[in-house]
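Overview (structure and organization)
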Amino acid sequence: MLRTYNYQDLNTEDLQQLVQRNVDPANEIRTIVEDIISNVREHGDNALLDYARKFDKVQLEKLYLDKAELAELAQALQPEQKEALKTAYQNIYKFHQSQLSNEGKIETMPGVTCWREARPIEKVGLYIPGGTAVLPSTFLMLGIPARIAGCKEIVVCSPPQKSGKVNAFIAYVAELLDIDRIYFAGGAQAIAAMAYGTESISKVDKIFGPGNQFVTKAKTIIQSTTTTAIDMPAGPSEVLVIADETANPIFVAADLLAQAEHGIDSQAVLATTSEQMAEAVIAELNKQLPVLPRAEIAEQAIKNSYAVVVSSLNQAMQFSNLYAPEHLILASENWEQITGDIINAGSVFLGNLTPESVGDYASGTNHTLPTSAYARAYSGVSVDSFVKKITFQHISPQGITNIGPTVEILAELEGLHAHKNAVTVRLAK
Ligand code: NAD
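Residues numbered from 1 in each chain as written. Predicted model: local features only at pLDDT ≥ 70, side-chain atom pairs only at ≥ 80, totals over all residues. Heavy atoms only, no water.

Going by what an unreviewed UniProt entry lists, the protein chain is known as Histidinol dehydrogenase and is assigned to Mucilaginibacter agri. Recorded in UniProt for the protein chain, the comment headed Catalytic activity (unreviewed entry) runs: "L-histidinol + 2 NAD(+) + H2O = L-histidine + 2 NADH + 3 H(+)". A UniProt comment under Pathway (unreviewed entry) is attached to the protein chain, and it reads "Amino-acid biosynthesis; L-histidine biosynthesis; L-histidine from 5-phospho-alpha-D-ribose 1-diphosphate: step 9/9." (UniProt positions renumbered as here; feature names shortened; annotations may be inferred.)

And the structure:
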């Protein structure tokens, strides 16, 4: 069921093909998404209502739930469910709060002082996926850093459920985060609404959140066609597990399946130093998969996945850096030997007792991460994603005397005389 390759047999071209994902060669997704974006621009709220009917199979009476309605929905939760969400909230809050840092002022020359200060992005849009599974955890992962950063307006969009509401977990998280409204909009149409604004939904400065291929494509399109920025292209989820002979095949199979159940386009890759381990993991997959409630989805995803047998942990790491996984699990007692070699990865889980699920929900790190090899250049969401760093400088009388002549020479060299003059008139004083 899990295709297996021998690293030795793969040439550079094979490897490139193996690590490629989410290709849309005929631009099919792009065409659909462009059409949705222009429809939302033209018809605003009405387009959102139409798409809710078409894709989410629900006839909405209004496009949002307000605070009172959310609080009522949240009452359906059991005390232990609320407690679990609160524990996750506290851990995520604690970890993200530590990211607020003050860099301090630097005197580059006597009298020339430079520094940076963070300011929150004023209006942010959070996309909470809700197609095949509702993800209150994503709401925590985006809402907590937005609150810590101090963003003034937080717009939240999530696909409506068949009931025409959001689920109680999402409603309770809205309460924890003190969110005023949740808009019923899913897919590319939600991204278009937050990028262009509609009668009900405000245009925002930056859009955050993972989603399926439609969501991700819409984010990449609006990033280049509007003034709204995006966190990163965070598409269908993926994991790469590096396992040596010290790994536990039961745990490894469970981790691969935890990824595979996300969606049929998710990918779960195993790189192992041991052929026996590959066989044992496949045997475990055959045992664990059929009994999952989302077996049908996981089975499809496993078909798109594979194992690679490598000769050493170093070779596994070489492959991993080429793949640039969203999640990397080092299922080995020897993980300390190779962490220094990690170059490209979104989030890393070390040792046999650290499943990705803990980071997905509650350990504290963020689960909104770059997929599809974007981990080569992007980081996951953090408080930094919700602020801009503004640079400041101040020049004293001593400072202008020190730095002035250097700037005059450089401006002269570039032929920019007005630049030079802005210094000369001050030096003359
Ligand atoms: P989703 O909310 O992303 O998408 C649901 C919406 O997709 C629907 O409301 C609908 O509007 C739209 N849609 C569905 N079929 C369509 C079609 N044929 N044409 C146009 N639009 C259509 O929810 P999902 O589908 O469950 O996907 C969630 C995704 O998020 C998964 O792929 C999961 O792997 C990913 N994810 C990624 C991360 C990350 O950090 N990268 C984290 C969590 C989840």
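Close to the ligand lie 31 residues, the nearest being Asp-56, Tyr-127, Thr-132, Asn-212 and His-367. Between Asn-212 and the ligand, the recorded distance is 2.8 Å, taken from a backbone N or O atom to an oxygen atom. Residue His-367 places a main-chain N or O atom 2.9 Å away from an oxygen atom belonging to the ligand. Taken by itself the ligand offers 870 Å² of open surface, and the protein chains cover 87% of this. Elements with a contribution of two residues or more to the shell around the ligand: helix 2 (28-55), helix 7 (187-196) and helix 8 (213-225). Here the shell around the ligand gathers at least three residues from each of two domains, domain 1 (3-19 + 236-364) and domain 2 (28-231). (Near = heavy atom within 4 Å. Polar contact = N/O pair within 3.5 Å; in protein donor to acceptor, adjacent residues only side chain to side chain. Areas by Shrake-Rupley, 256 points an atom, 1.4 Å probe, with all protein chains shown as cover. Helix = DSSP H or I, 4+ residues; strand = E, 2+ residues; numbered from the N terminus. Domains from an automatic or database assignment.)

Moving on, we get to unusual backbone geometry. The backbone of Ala-324 shows a phi angle near 55°, a positive value even though the residue is not glycine. Note on placement: Ala-324 falls in the loop between helix 12 (313-323) and strand 13 (327-331). By relative accessible area, Ala-324 is classed as buried at 0%. One non-glycine residue, Ala-373, lies in positive phi territory at about 75°. With respect to the helices, strands and loops of the structure, Ala-373 is situated in the loop between helix 13 (356-361) and strand 15 (387-395). (Buried < 20%, exposed > 50% of the residue type's maximum accessible area, 1.4 Å probe, protein only.)

Our focus in this paragraph is a nonpolar patch on the surface. Among the surface-exposed residues, Ile-250, Phe-251 and Leu-353 lie close enough to one another that they form a single nonpolar patch of about 320 Å² accessible area. Here Phe-251 falls in the partly exposed class, since its relative accessible area comes to 36%. (Patch = residues over 30% accessible without salt bridge, like charges linked within 9 Å, V, L, I, M, F, W, Y side chains within 5 Å. Salt bridge = Lys/Arg side-chain N within 4 Å of Asp/Glu carboxyl O.)

The next subject is the domain arrangement of the protein chain. By domain assignment, the protein chain separates into domain 1 (3-19 + 236-364), domain 2 (28-231) and domain 3 (396-427). Taking only C-alpha atoms, the centre of domain 1 and the centre of domain 2 are 30 Å apart. Between domain 1 and domain 2, the residue contacts involve 11 residues of the former and 11 residues of the latter. For the pair domain 1 and domain 2, the summed buried area comes to about 810 Å², and 52% of that belongs to carbon and sulfur atoms. Between the two partners, domain 1 and domain 2, sit three residue pairs in polar contact (both at pLDDT 80 or more). When residues of the side of domain 1 that touches domain 2 are assigned to their parent elements, the largest contribution, three residues, is made by helix 13. (Contact = heavy atoms within 4.5 Å. Buried area = accessible area lost by both parts, 1.4 Å probe.)

Before going further, it helps to examine the UniProt feature "active site" (unreviewed entry) in the protein chain. Annotation from UniProt places "active site" (unreviewed entry) at Glu-326 and His-327. Relative to the helices and strands, Glu-326 resides in the loop between helix 12 and strand 13. Judged by relative accessible area, which is 3%, Glu-326 ranks as buried. In contact with Glu-326, not counting residues within four places along its chain, are Ser-237, Glu-238, Ala-345, Gly-346, Ser-347, His-367, Leu-369, Pro-370 and Thr-371.

Right, let's talk about helix 14 (residues 397-413) for a bit. Its 17 residues give helix 14 an end-to-end C-alpha distance of 25 Å, which sits within 8% of 24 Å, the value for a rise of 1.5 Å per residue. Along its length, helix 14 shows its largest kink, about 40°, at Ile-403, and proline Pro-405 lies within four residues downstream of that point. All of the buried residues along helix 14 are Gly-399, Ile-400, Gly-404, Glu-408 and Ala-411. Buried residues in helix 14 make contact with strand 4 (112-120), strand 15 and helix 15 (417-428). (Expected span 1.5 Å × (residues − 1). Bend = angle between axes of the 7 residues up to and from the residue.)

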